[in-house]
Every structure is written in structure tokens, then in C-alpha cells.
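Each chain, written out:
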Amino acid sequence: MKRRQFIKTFAGLTALTVVPRHVLGNGFVAPSDQLTKGVIGVGNMGRGHFGYAGTRLTAICDVDTNRLDAALIQAGGNVKTYHNYRDLIEDPNVDIVHIATPPHWHGIMAAEAAKAGKDIWCEKPMTRTIGEGKKVMEYVRQNGNIFRLNTWFRFADTFYGMDTTVAKIKKLVDSGMLGWPLKVTISKHTGFNWKFFWVGKEQLEEQPVPKELDYDMWLGPAPYKPYNQHRTHNTFRGYWDYDGGGLGDMGQHYIDPVQYLLGKDDTSPVLVEIDAPQQHSDAVGTWRKIEYTYDDGCKIILYGEDHGSPDDAYIEGPGGKVYPGFRCDIPDWERKLAQFPEPVPQQTDFVECVRTRKKFVLNEQNGFRSSTIVNMGVIALRLGRSLRFDPQKLEFIGDDAANRLLDELMRSPWKI
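About the thresholds
- Residues numbered from 1 in each chain as written.
- Predicted model: local features only at pLDDT ≥ 70, side-chain atom pairs only at ≥ 80, totals over all residues.
- Heavy atoms only, no water.
- Helix = DSSP H or I, 4+ residues; strand = E, 2+ residues; numbered from the N terminus.
- Rg over C-alpha atoms; globule rule 2.2 N^0.38 Å.
- Buried < 20%, exposed > 50% of the residue type's maximum accessible area, 1.4 Å probe, protein only.
- Contact = heavy atoms within 4.5 Å.
- Areas by Shrake-Rupley, 256 points an atom, 1.4 Å probe, with all protein chains shown as cover.
- Lys, Arg positive; Asp, Glu negative; His and termini not counted.
- Charge placed at Lys NZ, Arg CZ, Asp CG, Glu CD.
- Expected span 1.5 Å × (residues − 1).
- Polar contact = N/O pair within 3.5 Å; in protein donor to acceptor, adjacent residues only side chain to side chain.
- Axes fitted to C-alpha atoms, helices over the stretch in contact; angles between N-to-C directions.
- Left-handed = near helix turned anticlockwise from the far one by under 90°.
- Nonpolar A, V, L, I, M, F, W, Y, C, P; charged D, E, K, R; others polar.
- Pairing = 2+ DSSP bridges.
- Parallel < 35°, antiparallel > 145°, perpendicular 65-115°, else oblique.
- Arc of directions from axis to C-beta.
- Core = buried A, V, L, I, M, F, W, Y, C linked by side-chain atoms within 4.5 Å.
- Salt bridge = Lys/Arg side-chain N within 4 Å of Asp/Glu carboxyl O.

Details of the overall build of the protein chain
The secondary structure content of the protein chain amounts to 14 helices and 15 strands. A globule of 416 residues ought to have a C-alpha radius of gyration of about 22 Å, and the protein chain, at 22 Å, matches this closely. Based on the C-alpha atoms only, the size of the protein chain along its principal axes is roughly 65 × 60 × 40 Å. Each of the 416 residues in the protein chain was classed as buried or not, and the buried ones make up 56%. Residue pairs at least 24 apart in sequence account for 65% of intrachain contacts in the protein chain once pairs closer than 6 positions are excluded. Carbon and sulfur atoms provide 50% of the accessible area of the protein chain, an area that totals close to 17700 Å². One way to put it: in the protein chain the 51 positive side-chain charges average out to a point 4 Å from where the 52 negative ones average out.

Quick look at helix α7 (residues 130-143)
With 14 residues, α7 extends 20 Å between its outermost C-alpha atoms, agreeing within 8% with the 20 Å of an ideal straight helix rising 1.5 Å per residue. Looking only at α7, the buried set comprises Ile130, Gly131, Glu132, Gly133, Val136, Met137, Tyr139, Val140 and Asn143. Where α7 begins, the capping side chain belongs to Thr129, and its oxygen is found 3.1 Å from the backbone nitrogen of Glu132. One or two residues past the end of α7 sits Gly144, with phi positive at roughly 70°.

Quick word on the packing of helix α8 (residues 166-175) against helix α10 (residues 245-261)
Put simply, α8 and α10 touch, their axes get as near as 9 Å, and they point 35° apart. Of the two possible hands of crossing, α8 and α10 adopt the one that is right-handed. Residues Val166, Ile169, Lys170, Val173 and Asp174 of α8 pack against Pro257, Tyr260 and Leu261 of α10. Its residues assigned to classes, the contact of α8 with α10 comprises six nonpolar, no polar and two charged.

Re the sheet that holds strand β9 (residues 289-293)
The strand order β13-β12-β11-β7-β10-β9-β8-β14-β15 describes an open sheet built from nine strands, whose pairing is mixed. Two strands bound the open sheet, and with one partner strand each, they are β13 (327-328) and β15 (395-396). Note: strand β11 (residues 315-317) against strand β12 (residues 320-323), three bridges, orientation antiparallel. Across the sheet, Glu316 pairs through a bridge with Lys321, a residue of β12.

Concerning the packing of α7 against helix α13 (residues 364-383)
Relative orientation of the contacting elements α7 and α13 amounts to 175°, with a least axis distance of 9 Å. Looking at the two axes, α7 sits roughly antiparallel to α13. Where α7 approaches α13, its residues Ile130, Gly133, Lys134, Met137 and Val140 are matched on the opposing element by Glu364, Gln365, Phe368, Thr372, Asn375 and Met376. Considered class by class, the residues forming the contact of α7 with α13 number five nonpolar, four polar and two charged.

Thoughts on helix α4 (residues 65-74)
An α-helical turn contains 3.6 residues, so a residue and the one three or four places further along point in the same direction. For α4, the complete set of buried residues consists of Arg67, Leu68 and Ala71. One face of α4 carries all of its buried residues, which in axial projection span an arc of 100°. Residues of α4 that are buried sit in contact with α3 (44-47), β2 (55-61) and β3 (80-82). The backbone nitrogen of Asn66 has a side-chain oxygen 2.9 Å away, supplied by the residue at the start of α4, namely Asp64.

Focus on unusual backbone geometry
The step from Lys124 to Pro125 runs through a cis peptide bond, and the omega angle for that step is -10°. Here Pro125 lies in the loop between β5 (119-122) and α7. Of note, the bond from Trp180 into Pro181 is cis; its omega dihedral lies within 30 degrees of zero at 0°. Structurally, Pro181 can be placed in the loop between α8 and β7 (183-186). Unusually for a residue other than glycine, Arg357 sits at a positive phi of about 65°. Positionally, Arg357 belongs in the loop between α12 (350-356) and α13. Of note, the phi angle at Leu394 is positive, near 55°, even though the residue is not glycine. By secondary structure assignment, the location of Leu394 is in the loop between β14 (387-390) and β15.

Regarding the nonpolar core
Formed by 111 residues in total, the largest nonpolar core has its most connected members in Tyr85, Ile186, Leu302, Tyr314 and Ile315. Looking at this core, the element that brings in the most residues is α13, giving eight residues. Filtering out sequence-adjacent residues up to four positions away, Leu302 remains in contact with Ile186, Trp194, Leu247, Ile255, Trp287, Arg288, Lys289, Ile290 and Tyr292.

Things to note about the side chain of Arg67
Checked against the element boundaries, Arg67 lands in helix α4. For the buried Arg67, no salt bridge exists, and the shortest N-O distance to an oppositely charged side chain is 4.8 Å, to Asp64. A distance of 3.4 Å separates a polar atom in the side chain of Arg67 from a polar atom in the side chain of Asn234. Not counting chain neighbours up to four residues away, the residues in contact with Arg67 comprise Val42, Gly43, Asp62, His233 and Asn234.

Okay, here's the thing in C-alpha cells:
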């Protein structure tokens with residue numbers, strides 16, 4: 001039986017079984033019952049997640065043997081190694097599948113891990129296309145998996161230039177003192193960096209494929225293009241086939257907390273407008289401005305390098321403004337804010353969510369919506385025009401070319 005079917009069938013039987021205590025969800029985990037995980041993709045990001053608390057690494061996977069060998073040494077040698085990600089997903093000694101590959105693999109791997117009954121920790125962006133995100137949501141819902149997207153600023157850590165956690169900003173927004181609708185500006189002036197070094201090269205010469213790399217498997221569902229080292233590993237983000245440059249890399253880090261602040265976890269903007277140079281068909285370029293508008297008038301404005309103004313507020317409404325450093329121009333705002341309730345507590349411990357089967361705070365549903373905002377911008381950039389979007393149908397209005405990019409064809413035999 002699949003692991004999830006096993007849990008549903010036997011979770012209530014505490015005697016005469018060998019069900020691990022973490023599966024029974026009683027909150028106690030002995031060392032022998034520690035949750036296990038396997039990491040797919042052991043570059044810098046994957047290796048950085050070998051040791052998060054409450055789990056034990058049991059398997060690693062990569063299509064580059066040099067990376068796999070180095071990761072095995074870092075892991076202490078006592079883990080299984082795989083070349084094919086499916087073997088890791090099917091490993092009965094893996095509870096959690098951690099996906100740390102380039103984004104063009106996220107959808108396929110998350111869907112297959114969900115079907116195999118595994119819980120999932122996925123790096124951002126959640127998926128490279130909106131259509132892939134829809135399918136991941138469907139499989140997670142059907143199979144009852146616990147899903148976590150790996151951006152954490154909606155619930156932990158200082159939020160870039162604001163010098164405070166998002167919870168305090170959320171409390172101010174929810175108080176209503178700023179008024180409505182709100183405009184959020186994300187630029188270097190409000191403390192953010194779009195990493196425009198993630199751009200591609202327009203003329204790539206074909207190079208011999210290194211013997212340690214299975215390039216065909218690295219490409220997977222992406223269109224076949226001759227190998228050049230700049231397409232892979234540390235610079236893949238500069239190509240539309242695999243990611244979306246600085247927007248794809250940092251978008252969910254910056255935008256997901258805004259979605260939470262504005263209470264937009266169940267919807268999407270209805271309009272995306274761009275100001276950018278014409279983009280290359282293969283290599284990601286830069287942009288000057290991307291502006292999103294919701295149906296109630298709220299806006300998210302992204303400014304590229306050397307754009308925006310030093311006078312920009314991070315959040316601006318008819319009742320007041322909030323500047324970097326969490327400074328507000330409403331008189332006596334801190335005393336007034338103290339009278340309002342704190343934001344609703346969130347489930348922020350992924351391992352505990354796996355044990356108790358409670359949905360993690362940033363999951364396949366709200367993560368899909370913030371990923372959709374990123375992908376709306378990517379599609380508008382690739383086409384070089386502004387687009388209208390239907391948040392319910394999850395499609396663009398009156399633009400066939402944009403809708404063809406919602407769920408791009410995968411290279412045979414790959415599919416979700």
C-alpha cells in the first residue's frame with residue numbers, strides 16, 4: 001500500500017502493529033521513530049537542508065556524479081544515493097521528499113511524490129508554470145500529503161528592509177489604520193534586491209557534455225538545447241526553460257508575504273503591466289517595472305535596479321504610509337496599534353505538521369497563489385505586453401499566446 005493509504009487504514013490501531021509513533025500523531029518521536037527525508041538535487045541549496053531539526057537524512061539524488069559524491073561525503077556516507085529521482089521517491093525509508101532541483105522539475109517531482117504518499121518540502125518557486133502548480137495542488141489534495149514551500153518570511157525572520165517580522169506589519173494592515181486599497185512597493189529603496197545578475201547569454205556555443213553529468217536527465221521536461229555550462233547548475237536561472245531570472249529566484253520570497261499581508265491567499269491579481277526591454281526567446285533579461293492590480297484596487301509594484309524613488313513607502317494607503325525600518329507616518333500609531341489583536345497564530349513547524357497532519361502555514365494552496373503572481377509576471381515579460389487575468393478560471397483574458405504559456409508542453413516522455 002502507499003504510505004498515505006497505510007496511515008488512513010491503520011492510524012487508529014495502536015496495538016499489535018508496527019506503526020511508527022510519528023505516523024500515529026501522538027507528538028512523541030523516539031530516535032528510532034525520527035522522520036526520514038530524501039533530498040533530490042544536492043547543489044548548494046540541497047546540501048544546505050541536510051540537517052533541519054526533527055529529521056534524519058536517508059537518501060540523496062542527483063544527475064551529476066561529482067555533486068552526488070561530494071554530498072555523500074557531507075552526509076557522512078551513511079545514506080543511499082540515487083541517479084533517478086523516482087528511485088528516491090519510491091524508497092520506503094523516505095518519509096519526506098525535499099525537492100531542491102531547478103524549477104522546471106518541481107511540478108513533476110512534487111506530483112509524483114504526492115502520488116507515492118510522501119510529504120513534500122519544495123524549494124521556490126513552487127512551479128515554473130501556473131498549470132503545473134494546479135496539478136500539484138490536485139495531487140496533494142487527493143493524497144493528503146503535507147506540503148511546504150521553502151520561503152518563510154510570512155511567518156519568520158526579519159523581512160528585508162522593514163527591520164521587523166511580517167507579523168507586526170500584518171497587525172498594522174489588519175488594524176485598518178492605513179485604509180484601503182493599499183499599494184506595496186518592492187524595490188532597492190524599500191530594501192529588496194532583484195538579483196539581475198541572473199540573466200542569460202543570448203549566444204551560447206555548444207560544448208561537450210561533462211562525463212559526470214547526465215545532461216538529458218538534467219533537461220528532463222525542458223526543450224532540448226545543446227549543452228553549454230551556463231545553462232546548468234549555478235546559472236540556470238537565466239533561461240526561461242528552467243526559471244525566470246531574478247523574478248523567478250526571489251519573487252516568492254518578496255511577494256508571498258505581501259499576499260499574506262493583503263489577505264489575498266485565495267485569489268490573484270486581475271492585471272499585470274510591464275515596463276521592460278524586449279526579452280530574448282531563450283535568455284532572461286532585466287526589467288524596469290512590473291505592476292500587479294487586484295480587483296479591489298490593491299497594487300503590488302516591483303521596481304528593477306535604478307528605478308523607483310528613495311521616497312517610496314513600502315506600504316501606502318489613504319490613511320497612512322509605512323516606510324523601511326517599520327516607520328509609519330500616522331501620529332501616535334504605535335500606541336493605537338497596541339489596542340488591536342495580534343494576527344491569528346500559524347502552523348509554522350513543518351515536522352510537527354507531518355506528525356499531526358495539520359496543514360503547514362505556507363502550503364500547496366497559498367503557495368500556488370504567490371507562485372502564480374510570479375509566473376504572471378514571467379509570462380508578461382516573455383510576451384512583452386500587459387495582460388488581464390481571471391483569478392477564478394486561472395487563465396488570461398483574450399490572449400491565446402499568454403494562455404499557451406500557462407502550461408507548456410513537456411519534452412516527451414515527460415508529463416504530470
